Amino acid sequence: MIEFLPPALIMLLGAMLVGPTRGAWRTAVVLLTPLLTLIAIWQVPDGVVMTIAFLEYPIEPLEGSPVRRLFATIFAIMAFGGGLFAYRHAKWYELAAALAYAAGAIGVSFAGDLISLFLFWELMALFSTVVVWCGGTPAARAAGIRYAIMHLIGGVILKVGIEGVMVHTGSIEVQPMLATNFDTWMILIGILINAAAPPISAWLSDAYPESSPTGSVFLSAFTTKTAVLALILLFPGEPVLIGVGLYMVMYGIIYALLENDVRRILAFSIVNQVGFMVCAVGIGTQMAINGAAAHAFAHIIYKALLFMSAGVVVYRTGFNKCTEVGGLFRTMPLTAVCGIVGALAISGFPLTSGFTTKTLISQAAADQGLVAVYFMLAAASAGVFLHAGIKFPWFVFFQRDSGLRPKDAPWNMGLAMVLFSLLCVLFGVAPELLYRFLPYPVDYQPYSPGKVVFYLQLLLFSGLAFFLLLPLMRRTNTITLDTDWIWRVGLRHLWQYGESLTGRASGSLSALWGGLLARMTARVNYFFGGEDSRDGTPRGVFARAWPIGTTAIWIALLLTAYVTFYYVG
Amino acid sequence: MNMETEKSRNSVSPGPPPGESDAWLARPATIRLLWRVFTVVLVLSVSVQLLFRVKGYFGVDGWLGFGALYGFLSCVLMVLFAKFLGRFLKRGENYHRVDEND
């Protein structure tokens, strides 16, 4: 028996209490649940803590290890920060769903076997969909349905893989594997769907920006990062992931550059950042896994901060698009400064958490002699500054004077942003605070003069490129087609085409059938008469009144035939 | 929803309200100053490499100003590539909305 509650269960209980409580009690539930969960997370020792027999399988819903605790910790911190940001403005069911969603993420973090991993995985899918729906608009409802379908398909694929592994190896342990056969490929694909990997990255940028200004803060944190953790636990060193990660990095930049919706820019940049982590898991060395874990940790903080900053803008102005806002620094200085801190952190500027974590990944690539990977990651770092680091704050807070004079953030949103900004700087200034909790011992010094100078040059000249190319980046009221065109437009057109085709076919079929029916009816009427022939219309052959003489002739004929056959026989 | 946005959008006219002097940061003089400071910072970031040797991993990344050139060129390429893709992939905002309501 264990002497404490599993962290995910605490979070889930808190989620259930949000509904029945009111006022200050609800606030207490929303804010204290993540903190209690955090305490419980740090009580989980290394190794399997809990085993339950299910069918013939030993279920291990609670297994501790440094990397698991690290991810669970940041999920709990995120739930707290998100709760603080949202609790005065979000609907109670959004808060409850967000906590349950976080419970799913923490459950995945500690899942020692594939069955409980799958269960918590689906818990996340379920409640994240609710968070998307809390956007409350018809667009949010439609996006939520698409989101749910994508995650249910992902879940089924994952389940197929898990069952395959269970049947073929007899083990349901969460342990490192490589994508070598059908089962492991299915698991990998199932996880990559949640990581927003190609070719279905579009679900993320489709759904997240449709949620409420508070909902997108929660959404930015859990799903993709649990996928990164699952990759770390199940597929460290899987070479496919390097290519997948690099594609995601570039996809995020290009699509974010073309995007006009503020939160969609940030959504694309999640794909970009997760690409760095996926690539690192693919490299698979201790340095790379440390980099993936550290970067996920830092990323959750600064990405939530960016979504908070954007959320405040959407909440205060009601506008979502770069073409609608601009010049907001005048009346929203706090939101602008916090947004800029987040933007600098995501770009990996020295003294921010992005620099101390992302350079671990570049170092890992360099150590392995992966020249192309190293240079692509460097180009991508420049691109991050371009698409998120400058583009986001520039178009929202500067650019031109939109004439909007909204109030700055409400105090709780401001506090949440300041807290997360401080964390971005803290882990940038004192990276060892984070390094000591990484899965492997860290022998890395991010602040060598050479590295700092290289990254400063890289980033500052990206900034120069941004401002010189500004005329090319003029925002337009457009969206950019993505692979989701296939199911949002292509498949529907195919369906409509099929419908019209069967419509035509059924038209000619029914004409044929109608003709046949008419002819048969005519024959039947000929013999049996119509439904009612008392009105003088000609009767059917069998229903006519025959004259007596005809009957006598027929009887005489029958009798003759009888007599003839009698004698012959 | 759309109508509403459209309406409130029109009620907001770009530019500062009459009578409000523009913020310090947005004045042309400030912007000129910022460009000058930025240029100095750019020059410094490259020239400081003469003091601190950048020990590149692969030789080429240790050259003077390599980071600057590489960052600048990759950004230009990415913007141009995005622009190029945009020619084929950009659609009006209501592309999906119109389609999904029919």
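Residues numbered from 1 in each chain as written. Chains lettered and ligands numbered in written order. Predicted model: local features only at pLDDT ≥ 70, side-chain atom pairs only at ≥ 80, totals over all residues.

S.K.: Looking at this model, I keep getting lost on the domain arrangement of chain A. Mind explaining?
M.R.: It is common to report an interface's size as the accessible area lost on association of the parts. All names here are of chain A. If you check the domain split of chain A, you get domain 1 (1-234), domain 2 (236-479) and domain 3 (489-568). Its C-alpha centre places domain 1 at a distance of 23 Å from the equivalent point of domain 2. Domain 1 puts 38 residues into the contact, and the matching count from domain 2 is 43 residues. Secondary-structure elements contributing two or more residues to the side of domain 1 that touches domain 2 are α3 (66-86), α7 (182-194), α8 (202-207), α9 (215-219) and α10 (222-234). With 10 residues, α3 is the single largest residue contributor to the side of domain 1 that touches domain 2. (Domains from an automatic or database assignment. Contact = placed C-beta atoms within 7 Å. Helix = DSSP H or I, 4+ residues; strand = E, 2+ residues; numbered from the N terminus.)

S.K.: It is not clear to me how the packing of helix α5 (residues 114-133) of chain A against helix α6 (residues 138-169) of chain A should be interpreted in this structure. Could you clarify?
M.R.: Between two packed helices, the angle of one axis relative to the other and the distance separating the axes together describe the packing. All names here are of chain A. In contact at an axis separation of 9 Å, α5 and α6 are set at 175° when each is read in the N-to-C sense. When the interaxial angle is binned, α5 and α6 end up roughly antiparallel. By residue class, the composition of the contact of α5 with α6 is 14 nonpolar, 4 polar and 3 charged. (Axes fitted to C-alpha atoms, helices over the stretch in contact; angles between N-to-C directions. Parallel < 35°, antiparallel > 145°, perpendicular 65-115°, else oblique. Nonpolar A, V, L, I, M, F, W, Y, C, P; charged D, E, K, R; others polar.)

S.K.: Explain the pairing of strand β1 (residues 47-54) of chain A here, please?
M.R.: Consecutive side chains along a regular strand alternate between the two faces of the sheet. All names here are of chain A. With respect to burial, β1 is a largely exposed element, only 0 of its 8 residues being buried. Bridge count between β1 and strand β2 (residues 57-64): 6 bridges; the pairing is antiparallel. Bridged to Gly-47 within β2 is Gly-64. (Buried ≥ 20, exposed ≤ 12 C-beta atoms within 10 Å, placed from the backbone. Pairing = 2+ DSSP bridges.)

S.K.: What's the story with the interface of chain B and chain A in this structure? I'm lost.
M.R.: With 50 residues of chain B at the interface, the matching set in chain A holds 48 residues. When contributions to the side of chain B that touches chain A are tallied by element, the ones reaching two or more residues are α1 (2-11), α2 (28-47), α3 (66-89), β1 (90-92) and α4 (95-101) of chain B. Tallied by class, the residues present in the side of chain B that touches chain A amount to 28 nonpolar, 12 polar and 10 charged. Here strand β3 (residues 478-480) of chain A pairs with β1 of chain B via 3 bridges, running antiparallel. Bridging from a neighbouring strand, Thr-480 of chain A pairs with Lys-90 of chain B of β1 of chain B.

S.K.: I tried to follow the packing of helix α13 (residues 286-317) of chain A against helix α15 (residues 353-367) of chain A on my own but got confused; where do I start?
M.R.: Residues and elements named next belong to chain A. Relative orientation of the contacting elements α13 and α15 amounts to 155°, with a least axis distance of 8 Å. When the axis of α13 is compared with that of α15, the two are roughly antiparallel. When you trace α13 past α15, the crossing you get is left-handed. Contact with α13, carried on its side by Met-287, Ala-288, Asn-290, Gly-291, Ala-292, Ala-294, His-295, Ala-298, Ile-301 and Tyr-302, involves Ser-353, Gly-354, Thr-357, Lys-358, Leu-360, Ile-361, Gln-363, Ala-364 and Asp-367 of α15 and no other residues of that element. Counted by class, the contact of α13 with α15 contains 10 nonpolar, 7 polar and 2 charged residues. (Left-handed = near helix turned anticlockwise from the far one by under 90°.)

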